[in-house]
Amino acid sequence: MSRIGRMPIAVPAGVTVDIAENNKVTVKGPKGELSRVLPEAMDIKKEGDEIIVTRPNDLKKNKALHGLTRTLINNMVIGVTEGYEKKLEVNGVGYRAQKQGKKLVLSLGYSHPVEMEDPEGIETVLDGQNLIIVKGIDKEKVGQYAAEIRAKRAPEPYKGKGIKYDYEVIRRKVGKTGK
């Protein structure tokens, strides 16, 4: 039995969860609204201030979808109450980030500045010139946009230059030695 799938999802005060046909779940909260169509095989029920996800049988596919469905709904509930954020650090001489309206302008040692437009529902905040905080209510979109920013100049192992997550540890390599 899926340990994660069996756990009920607590719905905090101020959050409304609507379950429509075809398992379209809409979660409204203080930070916004998220909706998503979840696998039809799963049975999603609202009991009081809890949501319970059950599976019809123990087929391998349904076992896999059970925990996933529960986690997706839980992420939506957390998103509309607390929101999600990812922190990125820009390391390197002359590497910096700037904000121009909804545009994030990165100077990453290329011949041109790299400009990135904030997607819908995602906000980037700068803390100094080398810390970028990506905020939003959709965990998937926050992670995707943070990964796209990092991909503009991934950290390299010799000097550690590039954009890395705040928790990421770059394994350093020893450079070549001259005789």
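Note that the structure is a prediction, hence the values are computed from the model and not measured.

Brief notes about helix α2 (residues 60–81)
For α2, which comprises 22 residues, the first-to-last C-alpha distance of 33 Å matches the rise-based estimate of 32 Å (1.5 Å per residue) to within 8%. A positive backbone phi angle near 85 degrees is found at Gly-83, which sits one or two residues after α2.

Comments concerning unusual backbone geometry
One non-glycine residue, Asn-22, lies in positive phi territory at about 60 degrees. Its location among the elements puts Asn-22 in the loop between β2 (16–19) and β3 (24–29). Relative accessible area serves as the criterion here: at 48%, Asn-22 is assigned to the partly exposed category. Positive phi values are uncommon outside glycine, yet Asn-23 reaches one of about 55 degrees.

Here's the deal with the sheet that holds strand β9 (residues 103–107)
Spatial ordering of the open sheet is given by β8-β9-β10, a layout of three strands whose pairing is antiparallel. Edge positions in the sheet fall to β8 (96–100) and β10 (114–117), since each of these pairs with one other strand and no more. Taken over all neighbouring pairs, the strand axes of this sheet differ in orientation by 25 degrees on average, direction set aside. The sheet contacts of helix α3 (residues 139–151) involve β9 and β10, and relative to β10 the element is tilted by about 170 degrees.

Remarks on the pairing of strand β12 (residues 131–136)
Within β12, five of the six residues are buried, leaving the element largely enclosed by the surrounding structure. The sheet contact formed by strand β7 (residues 84–91) and β12 spans six bridges and is antiparallel. Within β12, the residue paired with Tyr-84 across the bridge is Gly-136. The sheet contact formed by strand β11 (residues 122–126) and β12 spans five bridges and is antiparallel. What sits directly across from Leu-126, in β12, is Ile-132. Linkage of β11 to β12, two consecutive antiparallel strands, is achieved through a turn of four residues, within which Gly-128 is found at a positive phi near 80 degrees.

What counts, and at which threshold
Throughout this document, residue positions are counted from 1 along each chain, in the order its sequence is written. The model is predicted, so local features are restricted to residues of pLDDT at least 70 and side-chain atom pairs to those at 80 or more, both for listing and for counting; the totals for chains, interfaces and linings are taken over all residues. Side-chain calculation: all heavy atoms of the structure are included, whereas hydrogens and water are not. What counts as a helix is a DSSP run of H or I of at least four residues, what counts as a strand is a run of E of at least two, and both are numbered from the N terminus. In this analysis, the expected span of each helix is defined as 1.5 Å times one less than the number of residues it contains. Residue exposure (1.4 Å probe, protein chains only): buried if accessible area is under 20% of the type maximum, exposed if over 50%, otherwise partly exposed. Here, any two strands with at least 2 DSSP bridges between them count as paired. Angles here are taken between N-to-C directions and fall from 0 to 180 degrees, while the axes themselves are lines fitted to C-alpha atoms, restricted in helices to the stretch in contact. Every residue pair with non-hydrogen atoms within 4.5 Å of one another is taken to be in contact.

The values are spatial; any link to function lies outside them.
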